[in-house]
Amino acid sequence: MSRAVRELRLLARDPILFGLVVLILAALLVFVLYPILLVLWQSFTTGTGLGLDNYQLLAERRLYRNALRNSLGVATLVAAISVVIGYLVAFSLSRTDVPLKRVLHNTTILPIVSPPFSGAISILFLFGFNGVITRQLLGLRDFSIYGFWGVVASQVFTFTPIAYLSLRGVLAGINPTLEDAAMNVGASRGQVFRRVVLPLSLPGVASAFLVVFIESMADFGNPLVLAGAAFPMLAPQAYLEITGSFNLPRGAMLAAVLLVPSLTAFAIQRYYINKRQYVTVTGKPTASTTKAVGPAGKWLLYAGVLLFGLVVVAFYGVILIGASTAVWGFDYTPTLRHFVYVFDVGWDTVKDTVLVAVASTPVSGLMGMLIAFLVVRRVFPGKRPMEFLSILNFAVPGTVVGIGYILAFNRPPLILTGTLAILVLNFVFRYVPVGIQNGIAVLRQIDPSIEEAAQNLGADGVTTFRKVTLPLIAPAFFSGLVFAFVRAMTAISAAIFLVSANWNLMTVQILNQVGSGRLGVAAAFSIVLLAIVLVAVGIIGTLVGRRAAAASTVRF
Amino acid sequence: MPVDLRLVRLRKEFPGHDGGPNVVAVNDVDLAIEKGTMVTLLGPSGCGKTTLLRMIAGFEEPTGGEIYFGDKRVDRLAPNARDTAMVFQSYAIFPHLDVFENVAFGLRMKRVAEKSVRERVDRVLELVGLAGFERRAPSQLSGGQQQRVALARCIVLEPHVLLFDEPLSNLDAKLREQMRVEIRELQQRLGVTSVYVTHDQAEAMALSDLVVVMNAGTIVQAAPPQDLYARPSSRFVADFVGKANFLTGAVLDPNTVDVAGARLRLSSAAPVGVGETVELVVRPEAVLLEREAGKGAKGVVERVAFLGNHAEYAVRLATGDVVEAHETNPAERGMFGVGEEVWVSTGPLHPLPPRR
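Residues numbered from 1 in each chain as written. Chains lettered and ligands numbered in written order. Predicted model: local features only at pLDDT ≥ 70, side-chain atom pairs only at ≥ 80, totals over all residues.

1. What about the overall build of chain A?
- Scanning chain A from N- to C-terminus turns up 26 helices and 4 strands.
- Here the C-alpha atoms of chain A give a radius of gyration of 24 Å, agreeing with the 24 Å that 2.2 N^0.38 yields for 556 residues.
- Going through the 556 residues of chain A one by one, you find that 49% of them count as buried.
- The long-range share in chain A, meaning contacts at least 24 apart out of those at least 6 apart in sequence, stands at 81%. (Helix = DSSP H or I, 4+ residues; strand = E, 2+ residues; numbered from the N terminus. Rg over C-alpha atoms; globule rule 2.2 N^0.38 Å. Buried ≥ 20, exposed ≤ 12 C-beta atoms within 10 Å, placed from the backbone. Contact = placed C-beta atoms within 7 Å.)

In structure tokens:
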């Protein structure tokens with residue numbers, strides 16, 4: 001009897017679970033794989049049939065060549081800078097005893113919960129044609145922030161928190177006893193850092209670098225605002241080909257080109273580096289204060305952390321001021337008229353955005369936990385494809401997904417363009433991977449016999465998941481929900497292809513306002529968006545947190 | 001007594017590592033268990049006993065063979081559709097539910113009426129000595145109490161078969177003995193057919209009506225504890241269950257055997273031929289040491305260990321064989337010293353069947 005048949009028969013003992021597996025696999029094929037394949041197909045489509053004509057343009061046209069080069073260059077530099085800053089902040093906040101850790105942590109990660117191009121707006125306020133610093137303070141008239149450095153600056157601001165969070169976990173996982181041991185056998189502070197702490201964290205550094213690289217390649221908002229016409233980049237160029245010149249094959253080609261470095265980086269990160277992480281998990285609680293830096297070094301690092309914190313505060317301060325003054329650069333009279341505009345003209349957009357986020361978050365969160373449960377605890381044919389497909393979207397740039405969705409769902413049998421459903425579906429499948437990853441990590445810590453006990457006592461697969469697994473992985477469920485909601489509220493790169501007159505999103509509105517030079521309204525939209533996200537995170541926290549606390553205080 | 005649990009040519013293979021040949025964990029095992037009996041599966045780690053138990057519970061799919069509860073074939077049923085209840089090695093208590101809800105879990109799955117749930121849970125908690133602990137969280141319980149919750153959660157269901165997967169291995173020695181007694185008493189009072197996996201031979205002896213010794217995926221001997229101890233069917237069983245001396249002797253007549261020049265008694269009904277050389281088993285506590293010459297075989301004390309309630313000696317015979325002897329209350333007639341000459345005699349010797 002073949003293995004697949006046996007596994008299938010085992011699964012069929014639990015009809016509801018079997019149905020869910022089939023449903024999830026089908027959904028992943030339709031809403032994840034199919035659109036990406038269509039993009040690839042489209043990129044080979046020429047006027048006469050199939051061919052490499054579109055890709056030939058990449059060699060022939062300077063515009064496309066530059067777009068590729070610029071995107072790669074920006075992504076590499078941004079990843080390097082973000083990792084350095086992220087490492088410093090993570091090291092200071094997780095391994096040294098400095099004041100205000102909590103506050104600085106929250107400040108550092110603030111850019112994660114705001115639209116991914118808030119930094120770009122702040123940079124325009126500060127360094128743009130009417131920028132406070134460039135125009136008013138320095139009196140520069142022919143300075144242009146648009147181009148390489150503008151994009152790098154705003155992306156560093158946007159993605160450093162991601163590097164920080166990832167490195168924080170790595171550094172916190174290094175057992176301080178190792179440092180004690182190194183010193184005990186005669187290593188100096190510098191040697192402890194160079195020979196112990198740094199090598200142990202190196203896989204984490206590489207991983208953070210690649211994650212930021214992927215994010216930067218896929219970023220759409222910052223380049224669209226700050227790249228300018230003279231500095232083409234892949235993601236916005238693909239968008240312009242499709243919405244500006246209505247040339248789907250060329251847009252698809254650029255998207256496909258964008259896909260290659262992203263997927264490569266993802267593959268390296270997931271299948272090579274993550275297997276080399278040194279995790280030193282011991283049951284003993286350890287006071288994790290490092291000895292690798294002396295007092296002078298510690299305060300120097302702290303100064304750096306404070307500086308980054310101040311930049312974040314300044315950027316948001318500028319947005320707040322920009323949102324509540326008449327005309328940036330000319331007339332700083334306090335006014336609420338930008339906010340009035342948001343709540344008047346933009347009210348439908350606000351409602352749509354919240355509706356899309358509220359509709360997609362629970363589905364995404366639950367599906368994430370369910371897939372994690374299936375992948376970790378069940379054996380069935382198609383398990384590896386399910387795991388692969390469900391996290392694939394983490395690496396696929398939103399631009400590719402967006403183009404894929406308009407290609408896939410603009411024709412029968414599934415016509416979804418212009419509907420609420422296409423936005424919700426897009427968000428559900430795009431933001432499920434983080435929930436899955438968290439769920440898998442937590443589930444691997446839980447003794448499988450707890451779930452076996454439930455089954456043994458008469459619970460079927462779905463009941464086991466609902467009554468036992470889900471409560472136990474509530475913390476992962478919670479973080480998955482928060483992530484899905486925040487991303488749904490702040491996403492732009494795929495969504496910009498999918499919005500319509502009926503269903504529009506705030507992020508798209510912000511970009512439009514920036515495009516038409518109404519920075520005040522854009523700033524007001526950003527502030528409202530940020531407020532909604534913070535309130536929602538608080539609400540999810542209290543709703544799920546209570547159960548999470550109950551489940552996580554009980555330990556085996 | 002009617003047979004209540006029957007395994008027919010039950011087999012389990014696991015795929016080998018790196019495409020190697022399949023590993024046979026359980027090799028065509030046949031076993032019939034009578035209603036109301038307590039059976040232990042005893043064996044070294046990796047002998048297949050846990051895999052066998054997990055197949056009965058439904059967590060492992062048999063590669064071949066059949067499992068019957070009474071007349072009902074169950075090996076194709078999902079774990080939740082079988083009428084078993086299992087006490088796990090790690091207890092597997094639901095950490096997010098309190099004691100009451102843990103015990104009530106199975107009843108709720110069966111949609112038992114709320115009033116009845118309360119009555120049955122209360123009764124079982126009383127039975128295991130946890131009345132008053134209903135609203136405690138599992139983290140507030142000691143190891144022994146968690147163990148009782150796991151037990152209560154199973155017996156409240158009045159299952160067809162009760163399964164135990166080394167449930168006492170996480171407890172300290174004192175508590176282990178106490179729980180062993182409690183489990184046995186409960187099982188006898190409820191009369192529920194039980195299968196108990198352990199690698200601790202003392203536990204197996206103390207608990208069961210029938211001990212099934214397993215090795216390398218097969219049953220080597222299945223017998224009541226006293227039979228198993230007195231008449232092991234192989235060197236493996238004799239060695240695994242308690243301590244054993246292995247001696248070689250020549251059969252003089254159906255009741256007598258010559259060991260190192262001493263005429264010793266054979267255990268009764270031993271199917272041996274006169275003149276044959278046989279391998280003999282004798283337990284250390286059945287070995288007698290004497291100072292007076294003439295009784296038994298001559299030997300020299302090589303090692304002495306005083307353990308309070310008994311003393312352990314190793315005595316080398318003239319043949320070179322070393323015999324282990326345990327003597328209770330050693331202070332009574334004075335300990336033997338290392339190098340002292342002693343005469344070794346034994347109780348009835350059990351001959352092992354010739355090795356194939």
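After that view, the rundown keeps rolling.
2. Things to note about the sheet that holds strand β9 (residues 210-215) of chain B
Residues and elements named next belong to chain B.
- Spatial ordering of the open sheet is given by β6-β7-β8-β3-β9-β10, a layout of 6 strands whose pairing is mixed. Every other strand in the sheet has two partners, leaving β6 (84-87) and β10 (218-223) as the edge strands with one partner each. The average angle at which neighbouring strand axes cross in this sheet is 20°, direction not considered.
- One ladder, built from 4 bridges, connects strand β3 (residues 38-42) with β9; its direction is parallel. Paired with Leu41 across the two strands is Val212, which belongs to β9. (Pairing = 2+ DSSP bridges. Axes fitted to C-alpha atoms, helices over the stretch in contact; angles between N-to-C directions.)

3. With respect to the confidence of the model for chain B
- Summary statistics for chain B give a mean pLDDT of 89 and a share of 99% for residues scoring 70 or more.
- Note on the complex model: pTM 0.79, ipTM 0.79. (pLDDT = per-residue confidence, 0-100.)

4. Overview of the sheet that holds strand β2 (residues 23-34) of chain B
All names here are of chain B.
- The strand order β2-β1-β4-β5 describes an open sheet built from 4 strands, whose pairing is antiparallel. Either end of the sheet is taken by a strand with one partner, and the two such strands are β2 and β5 (72-73).
- In terms of strand pairing, strand β1 (residues 3-14) meets β2 through 8 bridges, oriented antiparallel. Bridge pairing links Phe14 to Val23 in β2.
- Set on the sheet, helix α1 (residues 49-57) makes contact with β1, β2 and β4 (64-69); between it and β2 the angle comes to about 65°.

5. Concerning the interface of chain B and chain A
- With 24 residues of chain B at the interface, the matching set in chain A holds 25 residues.
- Those elements giving two or more residues to the side of chain B that touches chain A turn out to be β6 and α2 (99-109) of chain B.
- Its residues placed into classes, the side of chain B that touches chain A shows 15 nonpolar, 6 polar and 3 charged. (Nonpolar A, V, L, I, M, F, W, Y, C, P; charged D, E, K, R; others polar.)

6. Comments concerning the pairing of strand β18 (residues 322-328) of chain B
Residue and element names in this part refer to chain B.
- In the sheet, strand β17 (residues 310-317) pairs with β18 via 7 bridges, with the strands oriented antiparallel. Bridging across to β18, Glu312 finds its partner in His326.
- Between β17 and the antiparallel strand that follows it, β18, lie 4 residues; Gly320 among them carries a positive phi value of about 100°.

7. Thoughts on the environment of B:His160
Residues and elements named next belong to chain B.
- Tracing the chain through its elements places His160 in the loop between α4 (143-155) and β7 (161-165).
- When the 18 C-beta atoms within 10 Å are taken as the criterion, His160 is described as partly exposed.
- His160 sits 78 residues away from Arg82 along the chain, and the two C-alpha atoms are 8.6 Å apart.
- Residue contacts for His160: discarding those within four places in its chain leaves Phe69, Asp83 and Thr84.

8. Quick notes on the pairing of strand β2 (residues 331-334) of chain A
Residue and element names in this part refer to chain A.
- Pairing of strand β1 (residues 325-327) with β2 involves 2 bridges; the strand directions are antiparallel. Among the inter-strand pairings, Thr325 is bridged to a residue of β2, identified as Pro334.
- Turn length for the β1-β2 hairpin, with the two strands adjacent in sequence and antiparallel, is 3 residues, and the turn residue Gly329 shows positive phi of about 90°.

9. Side note on helix α5 (residues 173-190) of chain B
- Between its first and last C-alpha atoms α5(B) spans 26 Å; for 18 residues at 1.5 Å apiece the expected length is 26 Å, and the two agree.
- Following α5(B) by one or two positions, B:Gly191 adopts a phi angle in the positive range, close to 65°. (Expected span 1.5 Å × (residues − 1).)

10. Describing the confidence of the model for chain A
- A residue-level look at chain A finds 94% of positions with pLDDT of 70 or above and a mean pLDDT of 86.
- When the criterion is pLDDT under 50, residues 549-556 of chain A qualifies, and its contacts beyond four places in sequence or with other chains add up to 16 contacts.

11. Some remarks on the packing of helix α20 (residues 432-445) of chain A against helix α23 (residues 474-490) of chain A
Residues and elements named next belong to chain A.
- Across the interface, α20 lies against α23 with an axial gap of 8 Å and an inter-helix angle of 170°. With respect to each other, α20 and α23 are oriented roughly antiparallel. Side by side, α20 and α23 meet where Val434, Gly435, Asn438, Gly439 and Val442 of the first sit next to Pro475, Ala476, Ser479, Gly480, Phe483 and Ala484 of the second.
- Class assignment of the residues belonging to the contact of α20 with α23 gives a composition of 6 nonpolar, 5 polar and no charged. (Parallel < 35°, antiparallel > 145°, perpendicular 65-115°, else oblique.)

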